[in-house]
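Structural characterization, general
Listed here are the chains, written in short residue letters.
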Amino acid sequence: MTRRTRRRLASSGRYAVLCLWLLVVVFPLFWSVMTSLKPAAEWFTWPPTWIPDPFTLNNYRVAWLGELLDTQYVQSASVQTPFRALANSIVIAGTSTILSVTLGMLLAYGASRYGILSETALFRFLMLRMIPPIVVAVPVLLYYSTIGLLDSYLGLITIYVVSTLPYSLWMTKSFIDEVPIEVEHAAELLGASRARTIREIVLPLIRSGVVATLMFVLILTWSEYLMALTLSATHISTLPVQLSKYEGSTEGRLYGWQQAMSVGVTLPLIAVGYAIHRHLVRGFSFGMLKR
Amino acid sequence: MAQIVLSKLRKEFKGTVAVRETDLRIEEGEFLVLVGPSGCGKTTTLRMIAGLEEPTSGEIYIDGRRADDLEPSRRNLGMVFQNLALFPHKTVYENIAFGLRVKKVAAPDIKSRVEQVAATMHISHLLGKLPAQCSGGEAQRVALARTLVTNPGAFLLDEPLSNLDAKLRKEMRAEVDALHSRLAKTFVYVTHDQEEAMTLADRIVVMREGRIEQVGTPLEIYHEPANQFVASFFGSPVMNLIPGIVHRARGEAVFAFGAREMPLNGLGEVREGPATLGVRPEAVRLAGARGHHPARVTLVEPLGKETLVYLNYGPEALLVAVTPPGVRVDEGANLSFDFDGGRLYLFDGEGRRLA
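Residues numbered from 1 in each chain as written. Chains lettered and ligands numbered in written order. Predicted model: local features only at pLDDT ≥ 70, side-chain atom pairs only at ≥ 80, totals over all residues. Heavy atoms only, no water.

1. Examining a nonpolar patch on the surface
Residues and elements named next belong to chain A. Under the convention used in this document: Patch membership is restricted to residues that have no salt bridge and whose relative accessible area is over 30%. Joining uses 9 Å for like charges and 5 Å for the nonpolar side chains Val, Leu, Ile, Met, Phe, Trp and Tyr. Method for areas: the Shrake-Rupley scheme with a 1.4 Å probe, in which residue coverage is limited to the protein chains shown. Each reported salt bridge corresponds to a side-chain nitrogen of Lys or Arg within 4 Å of a carboxyl oxygen of Asp or Glu. The numbering of helices and of strands both runs from the N terminus, where a helix is a DSSP run of H or I of at least 4 residues and a strand a run of E of at least 2. Partly exposed residues are those whose accessible area sits between 20% and 50% of the maximum for their type, while under 20% is buried and over 50% is exposed, using a 1.4 Å probe and protein chains only.
Residues Trp 21, Leu 22, Val 24, Val 25 and Val 26 make up a contiguous nonpolar surface patch of about 490 Å² in total accessible area. Relative to the helices and strands, Val 26 is located in helix α1 (residues 3-36). Assessed through its relative accessible area of 38%, Val 26 is described here as partly exposed.

In structure tokens form, the structure reads like this:
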């Protein structure tokens, strides 16, 4: 076997593995979309219908517009307020993501340039993430009910900012660390103020990293379920909580409706991810400043 | 133009002393080179002048004004960094214009000044490019231009040429020199390269372990080194250092090394005791069979304009001689050598200059 054939074989092997992996990743999405297009009778059939024919949009009308197409499910459908949940999700995930990354970035800059956090303190921050959320959920529920933060935007946003801050801090710090300090010194010696140096030199250089961090934290907060379930009631329930309501002991498993909502929950993330994919590639490769 | 005075300047980092009480007066328009091995405190000294490092104690005066508590941006100094520190996301034009925009220079002035400085640095064709698209030498010019355009009172350069290859380094060295002559401004230049120091400096400051060992013109430093460290730091090939003992025989000072002796009559009064004789390679003269010190040739390195001859004059005792290229010597040959009496240095056990 020549070296060339060996190289070709190796590369075909790599692609075969990647194709297999792609299948594993994409199949649930495919199944979700297909199920969302099936009439109720096909949700449970065996062998399964792979591609519904004819497909129906009724599931979307139920899940997103709250139209009751089938009186059998009146009971469960009555609790759905899909657009309200969507709005809640956007407000809560969006606000907490921006707050978390902004705060993380400020801390990271201080840690990277001024050593305001010791190595130990930095690791303690990371350990925040190692606490099982369920351990925190109930105590926080008690506190929140006392101080009136239960079922409020402020309550969920606070817990999201705190729980994602370690990621924001660590990720943005790794990007700031990559900006050579001399670049900042050069700007300073040319007469630029600290604020101007950060705005004109540091921020543009870590932009991709910040965008990647924003995306990462957004995924976490957008899909968070446990805290949202525990700390919210009807007022601010988010999309993941809504999603769970299609599976219950009394209503049965409303797969079509659930998937119709699920597709709506996933699509915004995919859209955002696609819109910024250039930044993601650069941000996650952590090498954008190498010359 | 700026005169910079350091007074009892000291810097400690977490208990270790980087720069000991340093007094130095840098004259207006002078090209001063701080030189020494890594860790000698030369860069720390430069960074204290720039304001990037806060002195532990001592004072800095720029043009007679106390400057050590001024922000770096208020000292009217320009600095070129070892890694250049160009702004990677800005074009060459924007890099150069940055300092002017910060100082709120009017837009048309910015354009003309950037273009003018780009022309003098021969980088007009690069203005639209990003730093990453420039070669090493081009990036070097951009870094100089960026500092130049703001018209600072003094230039601080921290090993600016160390990332270039040998040929380019020599070219840029000549350009830095020409730049200094044209601007007639104060240059403070840090390097670990003795050749760079010799060729560029009006005055050289030799540092070691946070202390100034000697200040002087290049020729003073070369011909009248204050101690063994300075003597062996300058010159290529390095000075031969021959360990031995000074004692008196028949009323005269004699330097004994190995099984040999040589009179020290050319060197004046010297104390007895262990000492080191310093001989520059060009002060070792090959003398065929007529010299005082027999030796064996171990290696001959013809360099074209001169030839280096390595001589073994005793067990483990080696020295280098520089000879004109025409001199024919064979490896393994036995011959003898003499020292050029007028150019010998004698250091005591601590490396202090005796004579």
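2. Concerning empty space enclosed by the protein
Rolled over the atoms, a probe with the dimensions of a water molecule shows which regions are left empty. We apply this condition: Points on a 1 Å grid, built from protein atoms alone, make a cavity when a 1.4 Å probe fits but cannot get out and make a pocket when they are open with protein on both sides within 12 Å along at least 5 of 7 lines; residues with an atom within 4 Å of a point are the lining residues. Grid points are joined across faces, edges and corners, and a volume is the space filled by probe spheres set on the points. Amino acids are sorted into nonpolar (Ala, Val, Leu, Ile, Met, Phe, Trp, Tyr, Cys and Pro), charged (Asp, Glu, Lys and Arg) and polar (every other residue, Gly among them).
Inspection of the entire model under this criterion finds two cavities of 30 Å³ or more. Lining the largest cavity are Ala 186, Leu 189 and Leu 190 of chain A together with Leu 77, Gly 78, Met 79, Arg 146, Thr 147 and Thr 150 of chain B. The greatest single-element share of the lining of the largest cavity, amounting to three residues, is contributed by strand β6 (residues 77-80) of chain B. In terms of residue class, the lining of the largest cavity is built from five nonpolar, three polar and one charged. By volume, the second largest cavity is sized at about 40 Å³. When contributions to the lining of the second largest cavity are tallied by element, the ones reaching two or more residues are α4 (82-114) and α9 (194-222) of chain A. Looking at side-chain class alone, the lining of the second largest cavity contains five nonpolar, three polar and one charged residues.

3. Thoughts on the pairing of strand β10 (residues 211-216) of chain B
All names here are of chain B. Basically, it comes down to this: Note: two strands are recorded as paired if DSSP finds a minimum of 2 bridges between them.
Here strand β9 (residues 203-208) runs beside β10; their pairing, made up of five bridges, is antiparallel. Within β10, the residue paired with Val 205 across the bridge is Val 215. Taken together, β9 and the strand that follows it, β10, pair antiparallel across an intervening segment of two residues, in which Glu 209 is found at a positive phi of about 50 degrees.

4. Some thoughts on the environment of Val 19 of chain B
Residues and elements named next belong to chain B. Formally: We call two residues in contact whenever any of their non-hydrogen atoms come within 4.5 Å of each other.
Inspection of the secondary structure puts Val 19 in strand β2 (residues 16-26). According to the relative accessible area criterion, Val 19 is buried, its value standing at 0%. Spatially, the C-alpha atoms of Val 19 and Glu 209 are 7.5 Å apart, while their sequence positions differ by 190 residues. When sequence neighbours within four positions are dropped, the list of residues in contact with Val 19 reads Leu 9, Arg 10, Lys 11, Gly 41, Thr 44, Thr 45, Met 48 and Gly 210.

5. Notes on helix α2 (residues 58-65) of chain A
All names here are of chain A. Regarding α2, the residues found buried are Asn 59, Val 62, Ala 63 and Trp 64. Its buried side turned inward, α2 meets α1, α4, α11 (239-244) and α12 (255-275). Once α2 finishes, Gly 66 follows within two positions and takes phi at roughly 70 degrees, a positive value.

6. Some points on the layout of surface pockets
Residue and element names in this part refer to chain A. As a volume, the largest pocket reaches approximately 340 Å³. Considering the residues around the largest pocket, the lining is formed by 15 residues, among which Arg 129, Pro 133, Ile 159, Ser 163 and Met 227 are closest to the centre. Of all the secondary-structure elements, those providing two or more residues to the lining of the largest pocket are α6 (133-147), α7 (153-178), α9 and α10 (226-231). Among the elements that take part in the lining of the largest pocket, α7 stands out by supplying five residues, more than any other. Of the residues belonging to the lining of the largest pocket, the class tally is ten nonpolar, three polar and two charged.

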